[in-house]
Amino acid sequence: MAGSLGFLLGTILALARLSKSPILNSVSWSFFWFFRSVPLLVQVLIWYNLGYLYPRLGFGIPFTDTYLVGFDTITLISQFAAAVLGLSLHQAAYSAEIIRGGILSVDQGQLEASAALGLPRHVRVLQIILPQAARSILPNAFNEIIGLLKGTSIVSVIALGELFYVAQVIYNRNQQVIPLLLVAVIWYIILTTVLSIGQFYVERHFARGAERVLPPTPLQAARRWISVQWARLDEPGTPTSAGLDAKSESFRL
Amino acid sequence: MSTTTEAATRGLVEIRGVSKSYSGHEVLHDVNLTVQPGEVVAILGPSGSGKSTLLRTINHLESVDAGWVTVDGQLIGYEQRGERLFELKEKEILTRRTQVGVVFQNFNLFPHLTAAENIAKAPVALKRVNKADGRELALGLLAKVGLSDKADAYPRQLSGGQQQRVAIARALALTPKVLLFDEPTSALDPELVGEVLDVIRDLAKLGTTLIIVTHETGFAREVADRIVFIDGGHVLEVGTPVQVFESPTQ
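Keep in mind the model is a prediction, meaning the values are calculated, not measured.

### Quick look at the side chain of B:Lys51
All names here are of chain B. Positionally, Lys51 belongs in helix 1 (residues 51-58). Relative accessible area serves as the criterion here: at 3%, Lys51 is assigned to the buried category. A distance of 3.1 Å separates the side chain of Lys51 from the backbone oxygen of Gly45, its partner in a polar contact.

Following this line, the structure appears as structure tokens:
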């Protein structure tokens, strides 16, 4: 959740940073200057403890105590909200730079061509530039998301019941420290693996057009391997064309 | 679908007193040129002579320091208020730009879209046609440039010559009054140049105004109604191919 919020905000920030408007530019610059400077741990604690500074948050008449709509900070910013806020803002600052890098990597000629075709700005950004930028954004982006996943262990400091916090609570009770940490490790590995598999398919999707032949999905690779083995059983000794094609089609560094 | 017929009759380009410099270095010096509707003009000149810059000022990919450019009497990129010219809002520049198609030296096709999607993108995005009609339009244009079988190929799966032909079809999709070619064949292998020139030759016959920056003097001589020779940002010669090549004044 913080990942998608963070990346959404990050995209907006990156676009603002690259826009010609000096206001958008400086707002987004200050945003990620600030949120890159503050450690995540400190940020999460500040959000969680905001209630000490401003007991009530709401809309009202400035410089008076009259609220039109008001909430107690403590109820508004729960542990969960504090964690999401902190992680999203932190993530947005980092992903903005990744996305900006990706956008800068798109050939200038693409901008010229879309300008020459009179494409409206939102089409240029969403349909021409970002899909191409995605190719260089994705590997870094997934790094960040996986980092974020493990970064959630930081919010255990505000007693939010995420994976690591729960593991700690249990081993404090039953003293099985190493086994429970191992359980946590296994869960982190499973979640990261799921994300890595997702990464493969998302990257493959955006490789359309960039590679002449897309890399086979594991399923396709397995099918091809089976068919090759099968053919070999039929005619022992002759190399099969399926196996050769697979090698000659894709270029590897 | 009206793809070319109505656009074929118009396309008068007037360039008046256009000057442009980059950090003190003057690339264009007081250039004047009128291109009649349906005329094919080739701009020749050595590298760095300003010919590409001149071409790019025509659809405002490049702003000018002085002078103005009009297509059918309409200023491109600027509007006149009293005695002064003001740069238009981006949206209006975009609308006026669609009257002028550009074919780039490096094709600049969108690599993540297929040939047909490349062509249909602008007409669909500008809401001139819906998606299905856009595809129809794209297939029709691909047939025109002899690539009917490549509709679903991605640019990287095509040869340079094929890519440039797709790029020409993409420029035609907006039925521009004027088509600009910025060295359309200089990124191609010699054996692929012919197929692109054939397409341009066909366009010349259809009556769209064509302005071609090129190094192919032979082609310019054959296809152009007039040749413009530029050096150092100055127009040195303007005339029919016979005049320019056989009895140059300079």
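### So, the sheet that holds strand 2 (residues 25-35) of chain B
Residue and element names in this part refer to chain B. Pairing in this open sheet of four strands is antiparallel, and the strands run 2-1-4-5 from one edge to the other. Each edge of the open sheet carries a strand with a single partner, namely strand 2 and strand 5 (74-75). Relative to strand 2, strand 1 (residues 13-22) runs antiparallel, the two being bridged by seven bridges. Counterpart to Glu14 in the pairing with strand 2 is Thr34.

### Re a nonpolar patch on the surface
Together, A:Val183, A:Ile186, A:Trp187, A:Ile190, A:Leu191 and A:Val194 make up an exposed nonpolar region whose accessible area comes to about 530 Å². With a relative accessible area of 54%, A:Val194 lands in the exposed category.

### Remarks on the sheet that holds strand 8 (residues 100-103) of chain B
Residue and element names in this part refer to chain B. As summarised here, the arrangement of the six strands in space is 8-9-10-3-11-12, forming an open sheet in which the pairing is mixed. The sheet is open, and its two edges are formed by strand 8 and strand 12 (234-239), each paired on a single side. Averaged over all pairs of adjacent strands, the angle between their axes in this sheet comes to 15°, without regard to strand direction. Of the pairings in the sheet, the one linking strand 9 (residues 178-182) to strand 10 (residues 209-213) comprises five bridges and is parallel in character. Pairing of Val178 across the sheet is with Thr209, part of strand 10. Contacting strand 8 and strand 9, helix 5 (residues 160-172) runs over the sheet at an angle of about 170° to strand 8. Sheet strands in contact with helix 6 (residues 190-206) are strand 3 (40-44), strand 9 and strand 10, and its direction is about 145° off that of strand 10.

### Digging into the pattern of salt bridges
Residues and elements named next belong to chain B. Under the counting rule described, the total for this entry stands at 14 salt bridges over all chains. Of the charged contacts, one joins Arg201 and Glu222 as a salt bridge, the two residues approaching to 2.5 Å between their closest N and O atoms. Of this pair, Arg201 sits in helix 6 while Glu222 sits in helix 7 (residues 217-223), and the two are 21 residues apart along the sequence. One salt bridge in this structure joins Asp202 and Lys205, with 3.8 Å as the shortest N-O distance.

### Quick look at the packing of helix 5 of chain B against helix 6 of chain B
All names here are of chain B. Between helix 5 and helix 6, the shortest axis-to-axis distance is 8 Å and the interhelical angle comes to 20°. By the criterion of interaxial angle, the relationship of helix 5 to helix 6 is roughly parallel. Crossing geometry of helix 5 relative to helix 6 is assigned as right-handed. For the pair helix 5 and helix 6, the contacting residues are Gly160, Gly161, Gln162, Gln164, Arg165, Ile168 and Leu172 in the first and Leu192, Glu195, Val196, Val199, Ile200 and Leu203 in the second. A per-class count over the contact of helix 5 with helix 6 returns seven nonpolar, four polar and two charged.

### Concerning the environment of B:Ile212
Residues and elements named next belong to chain B. The residue Ile212 is located in strand 10 in this model. Ile212 sits 15 residues away from Ile227 along the chain, and the two C-alpha atoms are 9.6 Å apart. In contact with Ile212, other than residues within four places in its own chain, are Val40, Val41, Ala42, Ile43, Phe181, Pro184, Ile200 and Phe219.

### Some thoughts on helix 6 of chain B
Residue and element names in this part refer to chain B. Taking 1.5 Å of rise per residue, 17 residues should cover 24 Å, and helix 6 covers 26 Å from first to last C-alpha, within 8% of that figure. Buried positions along helix 6 lie against strand 3, helix 5, strand 9, strand 10 and helix 7. Once helix 6 ends, the next one or two residues include Gly207, with phi positive near 100°.

### A few points about the side chain of B:Thr114
All names here are of chain B. Secondary-structure assignment places Thr114 in the loop between strand 8 and helix 3 (115-125). The exposure class assigned to Thr114 is buried, which follows from its relative accessible area of 7%. Look past the residues within four positions of Thr114 in its chain and what remains in contact with it is Ala151, Asp152, Ala153 and Tyr154.

### Observations concerning the nonpolar core
Counting residues in each nonpolar core, the largest one holds 49 residues, and the members touching the most others are A:Leu119, B:Val13, B:Ile15, B:Ile43, B:Ile58, B:Leu180 and B:Ile211. Broken down by element, the residue count for this core peaks at seven residues, all from helix 8 (residues 121-151) of chain A. Non-local contacts of B:Ile58, meaning those with residues more than four positions away in its chain, are made with B:Val13, B:Ile15, B:Val69, B:Ile76, B:Val100, B:Leu180 and B:Ile211. Within the second largest apolar cluster, 45 residues are counted, among which are B:Leu44, B:Leu109, B:Leu147 and B:Ala171.

### Examining the interface of chain A and chain B
Contacts between the two partners involve 23 residues from chain A, matched on the other side by 25 residues from chain B. Of the roughly 2200 Å² buried between chain A and chain B, counting both surfaces, carbon and sulfur atoms make up 57%. Applying the counting criterion to the chain A and chain B interface returns one salt bridge. The residue B:Arg56 makes a salt bridge to A:Glu112 at a minimum N-O spacing of 2.8 Å. Linking chain A with chain B are six residue pairs in polar contact (both at pLDDT 80 or more). Tallied by class, the residues present in the side of chain A that touches chain B amount to 10 nonpolar, seven polar and six charged.

### Concerning the packing of aromatic side chains
Considering all chains together, one arrives at four aromatic pairs over all chains under this definition. A ring pair is formed by A:Phe200 and A:Tyr201, whose centres lie 5.2 Å apart and whose planes are at 90°; its orientation type is edge-to-face. Ring pairing ties together the aromatic residues A:Phe31, A:Phe34 and A:Phe35, which thus form one cluster. Seen from the ring of B:Phe110, B:Arg170 lies directly overhead, with NZ or CZ sitting 4.6 Å from the centre.

### A word on the pairing of strand 8 of chain B
Along any regular strand the residues' side chains alternate between the sheet's two faces. Residue and element names in this part refer to chain B. Residues of strand 8 alternate between two faces, with Val100 and Val102 on one and Gly101 and Val103 on the opposite face, all of them buried. Bridge count between strand 8 and strand 9: four bridges; the pairing is parallel. Across the sheet, the residue bridging to Val103 is Phe181, located in strand 9.

### Here's the deal with the confidence of the model for chain B
Residues and elements named next belong to chain B. Per-chain confidence: chain B averages 86 in pLDDT, with 96% of residues scoring 70 or above. By mean pLDDT, strand 7 (residues 84-87) is the weakest element of chain B at 75, and strand 10 is the strongest at 93. Scored below 50 in pLDDT, residues 1-8 shows 14 contacts in the model against residues more than four places distant or in partner chains.

Calculation criteria
- Throughout, residues of each chain are indexed from 1 in the direction in which the sequence is written.
- Each chain takes a letter, starting from A, and each ligand takes a number, starting from 1, following the order in which they are written.
- Per-residue local features are limited, in this predicted model, to residues with pLDDT of at least 70; the limit for side-chain atom pairs, both in listing and counting, is 80 or more; totals at the level of whole chains, interfaces and linings are taken over all residues.
- The basis for every side-chain value is the complete set of non-hydrogen atoms in the structure, without hydrogens or water.
- The helix and strand labels rest on DSSP assignments: H or I over at least four residues marks a helix, E over at least two residues marks a strand, and numbering proceeds from the N terminus.
- Whether a residue is buried, partly exposed or exposed follows from its accessible area with a 1.4 Å probe, protein chains only, as a fraction of its type maximum: under 20%, in between, or over 50%, in that order.
- Under this definition, polar contacts are N or O atom pairs within 3.5 Å; protein pairs additionally need one hydrogen-donor-capable and one acceptor-capable atom, and for neighbouring residues in sequence, both atoms have to be side-chain atoms.
- Two strands are said to pair when DSSP picks up at least two bridges between them.
- Patches draw on residues past 30% relative accessible area with no salt bridge. Two like charges within 9 Å are joined, as are two nonpolar side chains (Val, Leu, Ile, Met, Phe, Trp, Tyr) within 5 Å.
- With residues, only the protein chains shown are counted as cover, and all accessible areas are computed by Shrake-Rupley using a 1.4 Å probe.
- A carboxyl oxygen of Asp or Glu within 4 Å of a side-chain nitrogen of Lys or Arg is what we treat as a salt bridge.
- Helix axes use the C-alpha atoms of the stretch in contact, all axes being lines fitted to C-alpha atoms, and the angles between their N-to-C directions lie in the range 0 to 180 degrees.
- Should any heavy atoms of two residues lie within 4.5 Å, those residues are considered in contact.
- Angle categories: roughly parallel below 35 degrees, roughly antiparallel above 145, roughly perpendicular from 65 to 115, and oblique for all the rest.
- Definitions for this section: a left-handed crossing has its near helix turned counterclockwise from the far helix by less than a right angle. A right-handed crossing has that turn clockwise.
- Each residue gets one of three labels, nonpolar for Ala, Val, Leu, Ile, Met, Phe, Trp, Tyr, Cys and Pro, charged for Asp, Glu, Lys and Arg, and polar for the others, Gly among them.
- Multiplying one less than the number of residues by 1.5 Å gives the expected span of a helix.
- Take the buried Ala, Val, Leu, Ile, Met, Phe, Trp, Tyr and Cys residues and link them wherever side-chain atoms come within 4.5 Å; each set so joined is a nonpolar core.
- Once two parts are joined, some of their accessible surface, as seen by a 1.4 Å probe, is lost; buried area is that loss totalled over both.
- Working definition: a ring pair exists when centres of Phe, Tyr or Trp rings (six-membered ring for Trp) sit within 6.5 Å. Plane angles under 30 degrees give stacked, over 60 give edge-to-face, the rest tilted.
- Criterion for a charge above a ring: Lys NZ or Arg CZ within 6 Å of the ring centre, and within 35 degrees of the ring normal.
- Scored from 0 to 100, pLDDT reflects the predictor's confidence in each residue.

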